Number of protein chains: 2
Amino acid sequence: MNSITTPSYAVHFNQIAYTELNKHLSQSKYSKIFILVDENTHNYCLPTFLAQINEDYDFEIIEIEEGEVNKNIHTCTQVWEVLSELDADRKSAMINLGGGVVTDLGGFVASCFKRGIDFINVPTTLLSMVDASVGGKTGVDLGPLKNQIGVINQPQMVLIVPEFLKTLNERQLQSGFAEMLKHGLIRDAAYWESLKAVLDFENIADFIYTSVTIKNEVVLQDPTEQNLRKILNYGHTLGHAIESYFLESPKHDLLLHGEAISIGMILEGYLSFKLTGLPESELNDIKASFLARYKKTTFTKTDIDTILTLLKFDKKNSHGNVNFVLLKNIGECAIDIKVPEDLLKEAFEFYAE
Amino acid sequence: MNSITTPSYAVHFNQIAYTELNKHLSQSKYSKIFILVDENTHNYCLPTFLAQINEDYDFEIIEIEEGEVNKNIHTCTQVWEVLSELDADRKSAMINLGGGVVTDLGGFVASCFKRGIDFINVPTTLLSMVDASVGGKTGVDLGPLKNQIGVINQPQMVLIVPEFLKTLNERQLQSGFAEMLKHGLIRDAAYWESLKAVLDFENIADFIYTSVTIKNEVVLQDPTEQNLRKILNYGHTLGHAIESYFLESPKHDLLLHGEAISIGMILEGYLSFKLTGLPESELNDIKASFLARYKKTTFTKTDIDTILTLLKFDKKNSHGNVNFVLLKNIGECAIDIKVPEDLLKEAFEFYAE
């Protein structure tokens, strides 16, 4: 698998990833190297990772608590304090070994520590491999507001080692797979068809490669999200609000990110059918395909009202308007579509049918 | 006074500043404009400032507590929460009206809010006019570690209105003047001579202009501080450590930034005399000129030991080494000079003599 290059760094796969990492570390002469992990990646991924490092570096391991609830400024401050105590300096580097929480938070921590030190992302979940590996978005949540605080900053390199997927359970894999299905929906109908047929995740490396390629091609054309890049938000406008609401609401079980956006993609599919000409057959295909993978969630009227209130806080909204990315067909998007509020409620009814 | 242009924005002076601001605001069509102030600038500068705005914008005023002790992540989080509550979005902008705490913290808050919104700096102290107005450094302190957390990011414009200096007392003006004296020492011996003769701060606008020009010219040549830009740290390596120590130590009165770096410039003058050939006559000129403006501070042995421990945490240090910017002559620097520890103690003795 060839490496995928972005304007400022490369995404390396499998054994080449370790070769490139070893080369980079020996050339860069970092004063110290910090590896950010959570409890899970500390136990299940770090030993495998360290076994592939050729030379004897002065690694320091920093462990944060796992889960989206800890992706906040408080955790950042703790990591900044540990970095300071351990004498991290401007020539230090950070390797973020983990899922989206570790790579998003770690990227932000590194980008702000002494106004920026080098960092390398090693995503260990399917979601972070296909989603967080390109684009340079770093950040943390502010209360219920997802990724409200962050910067755009690029890592030195990204290493994708599908072997780490063996540490994940079926539910986590399905969650990541939702972002891959999104790549098909927004950009490539044939890819969508082949993804629908995937029943197990044993041999998924080629699909990861396709997804990273699609995302990279989109980000390359529009790095600052003026136009095209917005299509990556398909399913996320409502999906984020749903995810935030379930995170904060004590009476609901947690929804994983992919589970939340799978609901968002059905709801926004309905909006696409109503507003941007998505054929009804494709809408039904989208709904059936997601419900075959992700258990249907029940929303009360209060749930829906609160979610619609959260909507207006979404980062991508401006001037108080909520702008949606919708589908014209599977594989083709329309951006900056305004949606009347009653249609949003109808979409929830369509989902519940 | 002509505007000074940097690669990404301009510094405007006096009435032109307001003309350019009005033009920018009417062209930019921000969804909302937030003005960050502290209690002092809220009372003494904001009315003057608002009186110069032509159109009727939907301004929201956010007030933070004044002083370096509040330049921290906790204050940032408060401002981020207020921005969220007030529906700030990606098309909102922030105007930072205040001294270095407001412009440094406000720049950081804006740079990280929803991964970056526009901001405009309106420095109201002499220090922030000559120091914080170019270079794009934003950030906050982490405990005793100054500017440990931050990013490099450029404002949309900087407005320098010397009229605001009337709101400052003599001690605050002298503090800012220390950075101007530094500009003479590191880059322009004739400027140093003319600054020494300044007795009151009534007609200081031309000097501010010269200082901003010097700083801009240095930053332009080396935006990422690989080489030349390091000279702006003259006096700051020891000065920062002294300032941090006095900030945290309950038995000492607070030292203002300029007061701390004035001590740093004498100490590092001594190191320059010992290591980089600064003539003894120039060393004595530096010491006498600073002591004529800034009251001599007494350091105990414990004070000095603690300050030297803080030194190794300075942002600019890497691989555990402390690198100094020293003077070859007044007006010319040498960078990346390592200094033996015993010489640091001697420098404090020279200062006390």
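The shown structure was predicted, so the numbers you read here are calculated from the model rather than taken from an experiment.

This next bit is on the overall build of chain A. From N to C terminus, chain A includes 14 helices and 11 strands. Relative to the compact-globule value of 20 Å for 353 residues, chain A shows a C-alpha radius of gyration of 20 Å, a close match. Its C-alpha atoms put chain A at 60 × 40 × 35 Å along the principal axes. With 353 residues in all, chain A has 59% of them scored as buried. Here the contacts in chain A between residues at least 6 apart in sequence split such that 77% fall between residues at least 24 apart. A gap of 5 Å separates the mean positions of the 31 positive and 48 negative side-chain charges of chain A.

What follows concerns helix 11 (residues 257-275) of chain B. Residues and elements named next belong to chain B. Under the 1.5 Å per step criterion, the end-to-end length of helix 11 is 26 Å for 19 residues, consistent within 8% with the ideal 27 Å. Within helix 11, 16 of the 19 residues are buried, which leaves it mostly tucked inside the rest of the structure. Following helix 11 by one or two positions, Gly277 adopts a phi angle in the positive range, close to 80°.

Residues and elements named next belong to chain B. The phi dihedral of Asp87 falls on the positive side, at around 60°, and the residue is not glycine. Mapped onto the fold, Asp87 is located in the loop between helix 4 (73-85) and strand 5 (93-98). We note that Arg115 has phi near 60°; this positive angle belongs to a residue other than glycine. Relative to the helices and strands, Arg115 is located in the loop between helix 5 (100-112) and strand 6 (118-123). On the basis of relative accessibility, which here comes to 13%, the residue Arg115 falls in the buried class.

All names here are of chain B. What the seven strands build is an open sheet, ordered 1-2-9-6-5-3-4; its pairing is mixed. In this open sheet, the two strands that pair with only one neighbour each are strand 1 (4-5) and strand 4 (59-64). In the sheet, strand 3 (residues 33-38) pairs with strand 4 via six bridges, with the strands oriented parallel. The residue bridging Leu36 from the neighbouring strand is Ile62, located in strand 4. Along the sheet, helix 5 contacts strand 3, strand 4, strand 5 and strand 6; its crossing angle with strand 5, the most-contacted strand, is approximately 165°.

Once that is clear, we can look at the packing of helix 7 (residues 170-187) of chain A against helix 8 (residues 189-196) of chain A. Residue and element names in this part refer to chain A. Their axes nearest at 6 Å, the elements helix 7 and helix 8 cross at an angle of 145°. In contact with Phe177, Met180, Leu181, His183, Gly184, Leu185 and Arg187 of helix 7, helix 8 contributes Ala189, Tyr191, Trp192 and Leu195. Residues of the contact of helix 7 with helix 8, tallied by class, amount to eight nonpolar, two polar and one charged.

Residue and element names in this part refer to chain A. If you walk across this open sheet you meet the seven strands as 1-2-9-6-5-3-4, and the pairing is mixed. Edge strands, defined here as strands with exactly one partner in the open sheet, are strand 1 (4-5) and strand 4 (59-64). Two elements, strand 3 (residues 33-38) and strand 5 (residues 93-98), share four bridges in a ladder whose sense is parallel. Its bridge partner lying in strand 5, Leu36 is registered against Asn96. Together, strand 3, strand 4 and strand 5 form the strand contacts of helix 4 (residues 73-85), whose direction differs from that of strand 4 by roughly 160°.

All names here are of chain A. The domain architecture assigned to chain A consists of domain 1 (4-167) and domain 2 (178-202 + 226-352). Of note, the centres of domain 1 and domain 2, computed from C-alpha atoms alone, are 29 Å apart. Listed as interface residues are 14 residues of domain 1 and, on the opposing side, 14 residues of domain 2. Carbon and sulfur atoms supply 64% of the area buried between domain 1 and domain 2, which totals about 1400 Å² over both sides. Ranking the residues of domain 1 by area buried against domain 2 places Val130, Pro144 and Lys146 at the top, with a combined share of 36%. In this structure, Glu243 and Lys146 form a salt bridge, with 3.4 Å as the shortest nitrogen-oxygen distance. Summed over the shared surface of domain 1 and domain 2, the result is three residue pairs in polar contact (both at pLDDT 80 or more). Those elements that place two or more of their residues in the side of domain 1 that touches domain 2 are helix 6 (126-132) and strand 8 (145-149). Residue composition of the side of domain 1 that touches domain 2, grouped by class: six nonpolar, four polar and four charged.

With that settled, consider the UniProt feature "domain: 3-dehydroquinate synthase N-terminal" (unreviewed entry) in chain A. Summarizing the sequence annotation, UniProt attributes the feature "domain: 3-dehydroquinate synthase N-terminal" (unreviewed entry) to residues 62-174 of chain A in the numbering used throughout. Split by type, residues 62-174 of chain A is 34% helix and 24% strand. Its first and last C-alpha atoms lie 28 Å apart.

Time to look at the pattern of salt bridges. All names here are of chain B. Taken as a whole, this structure holds 37 salt bridges over all chains when the rule is applied. As a salt-bridge pair, Glu259 and Arg171 come within 2.6 Å of each other at their nearest N and O atoms. One end of the pair, Glu259, is in helix 11; the other, Arg171, is in helix 7 (residues 170-187), with 88 residues separating them in the sequence. The exposure class assigned to Arg171 is partly exposed, which follows from its relative accessible area of 42%.

All names here are of chain B. The contact between helix 10 (residues 236-248) and helix 11 brings their axes to 7 Å, and the two run at 135°. With respect to helix 11, the element helix 10 is oriented oblique. Between helix 10 and helix 11 lies a crossing whose hand is right-handed. Each of His236, Thr237, Leu238, Gly239, His240, Ile242 and Glu243 in helix 10 lies in contact with helix 11, whose residues at this interface are His257, Ala260, Ile261, Ile263, Gly264, Leu267, Glu268 and Leu271. Looking at the contact of helix 10 with helix 11 residue by residue, the class counts come to seven nonpolar, six polar and two charged.

Most often, soluble globular proteins have nonpolar side chains that are buried together. Counting residues in each nonpolar core, the largest one holds 96 residues, and the members touching the most others are Phe49, Phe177, Ile208 and Ile242 of chain B. Top contributing element to this core by residue count: helix 11 of chain B, with eight residues. Two domains share this core, each providing at least three of its residues, namely domain 1 (4-167) and domain 2 (181-352) of chain B. When near neighbours in sequence (up to four residues on either side) are disregarded, Ile208 of chain B contacts Phe13, Leu126, Met129, Val130, Ile160, Pro162, Leu165 and Met180 of chain B. If you look at the next biggest cluster of nonpolar residues, it comprises 95 residues, including Leu25, Leu165, Tyr234 and Ala334 of chain A.

A few words on the packing of aromatic side chains. Residue and element names in this part refer to chain A. Enumeration according to the criterion identifies 28 aromatic pairs over all chains in this entry. Taken together, a centroid distance of 5.2 Å and an interplanar angle of 75° make the contact between Phe299 and Phe348 edge-to-face. Linking Phe299 in the loop between helix 12 (280-293) and helix 13 (301-311) with Phe348 in helix 14 (residues 341-352), this pair joins segments that are 49 residues apart in sequence. Grouping residues by exposure puts Phe299 and Phe348 together as buried. Aromatic ring contacts, followed pair by pair, group Tyr245, Phe246, Phe299, Phe348 and Tyr351 into a single cluster. Against the face of Phe350 rests Lys287, its NZ or CZ located 4.3 Å from the ring centre.

Procedures and definitions
- Residues numbered from 1 in each chain as written.
- Chains lettered and ligands numbered in written order.
- Predicted model: local features only at pLDDT ≥ 70, side-chain atom pairs only at ≥ 80, totals over all residues.
- Heavy atoms only, no water.
- Helix = DSSP H or I, 4+ residues; strand = E, 2+ residues; numbered from the N terminus.
- Rg over C-alpha atoms; globule rule 2.2 N^0.38 Å.
- Buried < 20%, exposed > 50% of the residue type's maximum accessible area, 1.4 Å probe, protein only.
- Contact = heavy atoms within 4.5 Å.
- Lys, Arg positive; Asp, Glu negative; His and termini not counted.
- Charge placed at Lys NZ, Arg CZ, Asp CG, Glu CD.
- Expected span 1.5 Å × (residues − 1).
- Pairing = 2+ DSSP bridges.
- Axes fitted to C-alpha atoms, helices over the stretch in contact; angles between N-to-C directions.
- Nonpolar A, V, L, I, M, F, W, Y, C, P; charged D, E, K, R; others polar.
- Domains from an automatic or database assignment.
- Buried area = accessible area lost by both parts, 1.4 Å probe.
- Salt bridge = Lys/Arg side-chain N within 4 Å of Asp/Glu carboxyl O.
- Polar contact = N/O pair within 3.5 Å; in protein donor to acceptor, adjacent residues only side chain to side chain.
- UniProt positions renumbered as here; feature names shortened; annotations may be inferred.
- Parallel < 35°, antiparallel > 145°, perpendicular 65-115°, else oblique.
- Left-handed = near helix turned anticlockwise from the far one by under 90°.
- Core = buried A, V, L, I, M, F, W, Y, C linked by side-chain atoms within 4.5 Å.
- Phe/Tyr/Trp six-rings, centres within 6.5 Å; stacked < 30°, edge-to-face > 60°.
- Lys NZ or Arg CZ within 6 Å of the ring centre and 35° of its normal.

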